[in-house]
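An overview of the molecular structure
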Amino acid sequence: MIGAIRRAFRTPDLRNKLLFTLGILVIFRLGSFIPSPGIDYTQVQECVASPQLNEGGFAMINLFSGGALLQLSIFALGIMPYITASIIVQLLRVVIPRFESLHKEGASGQAKLTQYTRYLTIGLAVLNATTLVATVRSGALFGRIEGCTDLITNDTWWGISVLVVTLVAGTGLIMWLGEQITEHGVGNGMSLLIFTSVASAFPSSLGAIFREQGVDIFLIVIAVGLVLVALVVFVEQSQRRIPVQYAKRMVGRRMFGGTSTYIPIKVNMAGVIPVIFASSVLYLPSLISQFFDPESKWVEWINTYFTRGDHPIYIATYALLTIFFAYFYVAITFNPEEVADNMKKYGGFVPGIRAGRPTADYLSFVLSRINFPGSLYLAFIALIPLIALVLINANQNFPFGGTSLLIVVGVGLETVKQIDAQMQQRHYEGLLR
């Protein structure tokens, strides 16, 4: 591995891409610590360090922003508006025929969809920025901790406007940085920015466990983390390969087809999206309840059953939502009929299965069988932080949980594969053997 890394940095163009990517990631992390205008930065730091802090409904956004949300930096919104916009545009392909036709047009259609995603990202950033500012002004961002309710120094309309514009501009800059990595660096830019945000929390989380729980629990967490990483790598690399045979055909004077290939169906086709959806849905009740009277009966009910992660109802609801969204997202993103039609168009068929509708039914059957263990796997990974809360009381600091683990391992594998592919083009062995 060390020798492969040295060979990668000896190759001039690959070295330049790696250094460019690292430079963008450094800029992204620096922006997470630059305070927004009109914010009492000293008071914010005291609130972040408060032992009474409960991130509540903002935990997911704070995770994807690398901790920048609670620090109210210029990158406080992080990459979350872009992720939401990408998911919305992808789901709209099922509802809006124009989006589906653009998806099938190739590079030109994808460019238009990307442009729509950018516009939607800015719109969502404006909405998120105004919501965040309103939450800060109400004191709900830090759970109404004493001394954390008056963090905006310039509470005039002009000061609030400058703060909102700064947060939106920060999201636009993050989106541009991610596109620069994709175009001039190595790997998918947006995925690497998310990877950097999530991985940046690992050292502080492990350090907090070491200080608060002792050496024994710290070593147990490290051992559990290594086992979970191995499990995630194994499942993420697992796939069901459906063989496909292409018949020979004449086009002019040339013979095409006669080859064998396969359709790879991954065990976890949905990736981390179901966990994000389930977390967001579960956070909504507690987030909304923060703006109402805490002594109200329905607010007390939500705080009892949907705020405490160790409550059985919360755990069961989280698992069921994750399984539901795993099936839902795969049904939206993978269309067996479209795959079967494309195979039939180019003379492809699954051995022993007739082309057309029987092939689509067969793909649907295989997909449902594969998606069942995949959804259970996602539910298990999502529940790991809650299990840690019950067993070792380390929910707030446990780093190897749900979303973070899937993102770190998934993005890491894809980036290593891209570096490996570029090295193999130059007749090197690469990072993977």
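Each value, and the rule that gives it
Residues numbered from 1 in each chain as written. Predicted model: local features only at pLDDT ≥ 70, side-chain atom pairs only at ≥ 80, totals over all residues. Heavy atoms only, no water. UniProt positions renumbered as here; feature names shortened; annotations may be inferred. Helix = DSSP H or I, 4+ residues; strand = E, 2+ residues; numbered from the N terminus. Buried < 20%, exposed > 50% of the residue type's maximum accessible area, 1.4 Å probe, protein only. Contact = heavy atoms within 4.5 Å. Areas by Shrake-Rupley, 256 points an atom, 1.4 Å probe, with all protein chains shown as cover. Pairing = 2+ DSSP bridges. Salt bridge = Lys/Arg side-chain N within 4 Å of Asp/Glu carboxyl O. Core = buried A, V, L, I, M, F, W, Y, C linked by side-chain atoms within 4.5 Å. 1 Å grid on protein atoms, 1.4 Å probe; cavity = no way out; pocket = protein on both sides within 12 Å on 5 of 7 lines; lining within 4 Å. Points joined across faces, edges and corners; volume = space filled by probe spheres on them. Nonpolar A, V, L, I, M, F, W, Y, C, P; charged D, E, K, R; others polar. Axes fitted to C-alpha atoms, helices over the stretch in contact; angles between N-to-C directions. Parallel < 35°, antiparallel > 145°, perpendicular 65-115°, else oblique. Left-handed = near helix turned anticlockwise from the far one by under 90°. Patch = residues over 30% accessible without salt bridge, like charges linked within 9 Å, V, L, I, M, F, W, Y side chains within 5 Å. pLDDT = per-residue confidence, 0-100. Domains from an automatic or database assignment.

The name given to the protein in an unreviewed UniProt entry is Protein translocase subunit SecY, and the organism recorded there is Brevibacterium aurantiacum. Checking UniProt for the protein, the heading Sequence similarities (unreviewed entry) contains the comment "Belongs to the SecY/SEC61-alpha family." For the record of the protein, the UniProt heading Subunit (unreviewed entry) holds the text "Component of the Sec protein translocase complex. Heterotrimer consisting of SecY, SecE and SecG subunits. The heterotrimers can form oligomers, although 1 heterotrimer is thought to be able to translocate proteins. Interacts with the ribosome. Interacts with SecDF, and other proteins may be involved. Interacts with SecA."

What to know about the overall build of the protein
Broken down by element type, the protein carries 18 helices and five strands. Within the protein, the fraction of its 433 residues that count as buried is 45%. Taking contacts inside the protein between residues at least 6 apart in sequence as the whole, the part at least 24 apart equals 68%. When the accessible surface of the protein is totalled, it reaches about 22200 Å², and 63% of it is carbon and sulfur.

Quick notes on the pairing of strand E1 (residues 239-246)
Where E1 lies against strand E4 (residues 260-266), seven bridges are found, and the strand directions are antiparallel. For Pro243, the partnering residue across the bridge sits in E4 and is Tyr262. Inspection of the sheet shows E1 paired to strand E5 (residues 348-349) by two bridges, in the antiparallel sense. Its bridge partner being in E5, Gln245 is matched across the sheet by Phe349.

Some thoughts on the pattern of salt bridges
Under the criterion given, the structure shown has five salt bridges. For Arg118, the salt bridge identified is with Glu179, shortest N-O distance 2.8 Å. A residue pair is termed long-range when its members are at least 10 positions apart, and Arg118 in helix H8 (residues 107-138) and Glu179 in helix H9 (residues 157-184) qualify at 61 residues. For Arg118, a relative accessible area of 29% corresponds to the partly exposed category. Here Glu179 falls in the partly exposed class, since its relative accessible area comes to 21%. For Lys266, the salt bridge goes to Glu236, with nearest N and O atoms at 3.8 Å. One end of the pair, Lys266, is in strand E4; the other, Glu236, is in helix H12 (residues 215-237), with 30 residues separating them in the sequence. Look at Glu236 and you get buried, because its relative accessible area is 11%.

A few points about the nonpolar core
The biggest cluster of nonpolar side chains holds 66 residues, and the ones touching the most others in it are Ile79, Tyr318 and Leu406. Ranked by the residues each element gives to this core, the list is headed by helix H17 (residues 357-392), at twelve residues. With near-sequence residues (within four places) excluded, Tyr318 lies in contact with Val275, Ala278, Ser279, Leu282, Ala382, Leu383 and Leu386. Counting residues in hydrophobic clusters, the runner-up holds 21 residues, among them Cys47, Leu70, Ala125 and Val164.

Notes on empty space enclosed by the protein
Counted under the stated rule, the structure contains one cavity of 30 Å³ or more. Elements supplying a minimum of two residues to the lining of the largest cavity: H8 and H9. Among the elements that take part in the lining of the largest cavity, H8 stands out by supplying three residues, more than any other. Classifying every residue of the lining of the largest cavity by side-chain character gives eight nonpolar, one polar and no charged.

Points about the packing of helix H2 (residues 12-31) against helix H10 (residues 189-199)
Relative orientation of the contacting elements H2 and H10 amounts to 55 degrees, with a least axis distance of 10 Å. By the angle between their axes, H2 is oblique relative to H10. Considering only the axes of H2 and H10, their crossing is right-handed. Within the contact between the two elements, H2 uses Thr21, Leu25, Phe28 and Arg29 and H10 uses Leu192, Leu193, Thr196 and Ser197. Class assignment of the residues belonging to the contact of H2 with H10 gives a composition of four nonpolar, three polar and one charged.

So, a nonpolar patch on the surface
On the surface, Phe9, Leu19 and Leu22 cluster together into a nonpolar patch covering about 260 Å² of accessible area. Checked against the element boundaries, Phe9 lands in helix H1 (residues 2-10).

Regarding the confidence of the model for the protein
Detailed reading of predicted coordinates is not advised where the pLDDT is low. Put simply, the protein has an average pLDDT of 79, and 81% of its residues get 70 or more. Taken element by element, the protein is modelled with least confidence in strand E2 (residues 249-251), mean pLDDT 62, and with most confidence in H9, mean pLDDT 89.

Remarks on the sheet that holds E4
The strands that make up a sheet are held in pairs by hydrogen bonds between backbone atoms, and each pair lies either parallel or antiparallel. Judged by pairing direction, the sheet is antiparallel, and its three strands sit side by side in the order E4-E1-E5 without closing on themselves. Edge positions in the sheet fall to E4 and E5, since each has one partner strand and no second.

Points about the layout of surface pockets
There is about 1500 Å³ of room inside the second largest pocket. Along the walls of the second largest pocket sit 45 residues, with Gln90, Asn188, Ser191, Ile273 and Tyr329 positioned nearest its centre. The set of elements that each furnish at least two residues to the lining of the second largest pocket consists of helix H6 (80-95), H8, H9, H10, H12, helix H13 (273-289), helix H15 (312-333) and helix H18 (402-424). For the lining of the second largest pocket, the residue count by class is 19 nonpolar, 18 polar and eight charged. Each of domain 1 (1-185) and domain 2 (214-432) gives at least three residues to the lining of the second largest pocket.

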